[in-house]
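These are the residues of each chain, in order.
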Amino acid sequence: MSTALPLDDVRVIELGQLLAGPFCGQLLGDFGAEVIKVEDPGQGDPMRQWGREKPYGKSLWWPVVARNKKSVTANLRTGEGQDLVRRLVARADVLIENFRPGTLERWGLAPERLWEINPGLVITRVTGFGQTGPYSSRAGYGSIGEAMGGIRYVTGDPDRPPARAGISLGDSLAATFACLGTLVALHQRGRTGRGQVVDSAIYEAVLAMMESLVPEYQIAGYQRERTGTTLPNVSPSNVYPTADGEMVLIAANQDTVFRRLAEAMGRAELATDEKYATHSARGRWMERLDGLIAEWSSTFASDELLERLHTHGVPAGRIFRAKDMLADPHFASREAIVRLTHPDLGEFAMHNVVPKLSDSPGRVRHVGPELGEHNEDIYRGLLGLDDDAMASLRSAGVI
């Protein structure tokens, strides 16, 4: 296995803040890209203050989303700060930003201007609605993109208003597609020598996950609705009770797998019953089938139930919480959670790099940096600024 990281020859300038842009930078950094995060010298990225729990006043989200990055400060509303970006861009491969469309242009950092400095620069732009179109100038948060992209309408119980996932799903999806687009653009640059704009819109990233929702309506006139814990016509695939009060998810909606579940239940005849023998039939009789399975599952403690299901080759599992992940042997064996050292909080556990590469895997090298921690390293070491230049930038509040 190589110790070199696959993107260690890629330099990224990250101008974004919060999550939609920075998560893209995190993904690139996970595989070795040098990610230089440019932050406002006053308070930095608001993510430094975000998160539900903040022991010692420290965000527990920031060390994750800013992992593997370097932090420099620059006031981009000043000419001097904008000039620092231009000088960084001249030595970079990728620029990431997630400001409202037109912001870079107002700062004199339009793609056309940046390509005059570095024709091979890939400019990755993450926004709520994209760089073009009648909604492009609107403020766009992840939640709005989730609603417009369709996932909010189909999430939750049918007798309640649309629900949301307990994570920033829209932002993360847009950033993931932005990362994909960035890598594609870098590959294309290898052929042409030219960079291009990667335009990732939150609502479109969400829409890309919506399966056959659009043609279902356009062709069949079917409007997907909220269905709670189940998917229409996909059965059995639900959460079922156990004798010890735990909940176990069982997914046996494929014909061959349902036969194995029927055998595990000691009810092999269910697999040939006309109500349950086929995928379509089980969908029609979902409620009755769920009742039969729940009646059976509730006679077993969760460990015994899961062992029986696994023995019969039926996909099943617990619904994991953080404490379950930290204690689980499979998580440990695959190093799905990595432990680093935080300068203030000590041992710091977070999810590891995904996906795993067999020869050149990514690696979490350090937690998110302090604000401006790498000013000296980047401005002196990379850009060659001297003492007088650094002192002038500091006194003017540019860095």
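In case you missed it, the structure is sitting above this.
Predicted model only: the values in this text are computed from it and were never measured.

Cut-off values and rules
- Residues numbered from 1 in each chain as written.
- Predicted model: local features only at pLDDT ≥ 70, side-chain atom pairs only at ≥ 80, totals over all residues.
- Heavy atoms only, no water.
- Buried < 20%, exposed > 50% of the residue type's maximum accessible area, 1.4 Å probe, protein only.
- Helix = DSSP H or I, 4+ residues; strand = E, 2+ residues; numbered from the N terminus.
- Pairing = 2+ DSSP bridges.
- Axes fitted to C-alpha atoms, helices over the stretch in contact; angles between N-to-C directions.
- Contact = heavy atoms within 4.5 Å.

Visitor: Help me understand helix α1 (residues 22-30) in this model?
Guide: The α-helix winds at 3.6 residues per turn, so residues separated by three or four positions along the chain end up facing the same way. With nine of nine residues buried, α1 lies mostly within the body of the structure. After α1 finishes, the residue Gly 32 shows a positive phi value of roughly 105 degrees.

Visitor: Honestly, unusual backbone geometry in this entry has me stumped. Any pointers?
Guide: Generally, phi is negative for residues other than glycine and the peptide bonds are trans, each holding for most cases. A cis amide bond links Ser 235 to the next residue, Pro 236, at an omega of -5 degrees. Tracing the chain through its elements places Pro 236 in the loop between α9 (213-220) and β7 (237-241). A cis amide bond, omega -5 degrees, links Val 354 with the succeeding residue Pro 355. Checked against the element boundaries, Pro 355 lands in the loop between β11 (346-351) and α16 (375-382). Residues other than glycine seldom take positive phi values, yet Leu 18 does so here, at roughly 60 degrees. With respect to the helices and strands, the residue Leu 18 is situated in the loop between β1 (11-14) and α1. The exposure class of Leu 18 is buried, given its relative accessible area of 16%. For Glu 335, which is not glycine, the phi torsion reads 55 degrees and is therefore positive. Considering the arrangement of structural elements, one finds Glu 335 in the loop between α15 (329-333) and β10 (337-342).

Visitor: What am I meant to see in the sheet that holds strand β9 (residues 316-318) here?
Guide: Within a beta sheet, neighbouring strands are joined by backbone hydrogen bonds and run either parallel or antiparallel to one another. Judged by pairing direction, the sheet is antiparallel, and its three strands sit side by side in the order β7-β8-β9 without closing on themselves. Since the sheet does not close on itself, it has two edges, and those belong to β7 and β9, each with one partner. Strand-to-strand twist in this sheet, taken as the mean axis angle between neighbours without regard to direction, amounts to 30 degrees. Where strand β8 (residues 247-251) lies against β9, three bridges are found, and the strand directions are antiparallel. Across the sheet, the residue bridging to Ile 250 is Ala 316, located in β9. Strands in contact with helix α12 (residues 286-297) are β7 and β8; relative to β7, the strand with the most contacts, it is inclined by about 35 degrees. Taken strand by strand, helix α13 (residues 302-311) contacts β8 and β9, and its axis lies near 155 degrees from that of β9.

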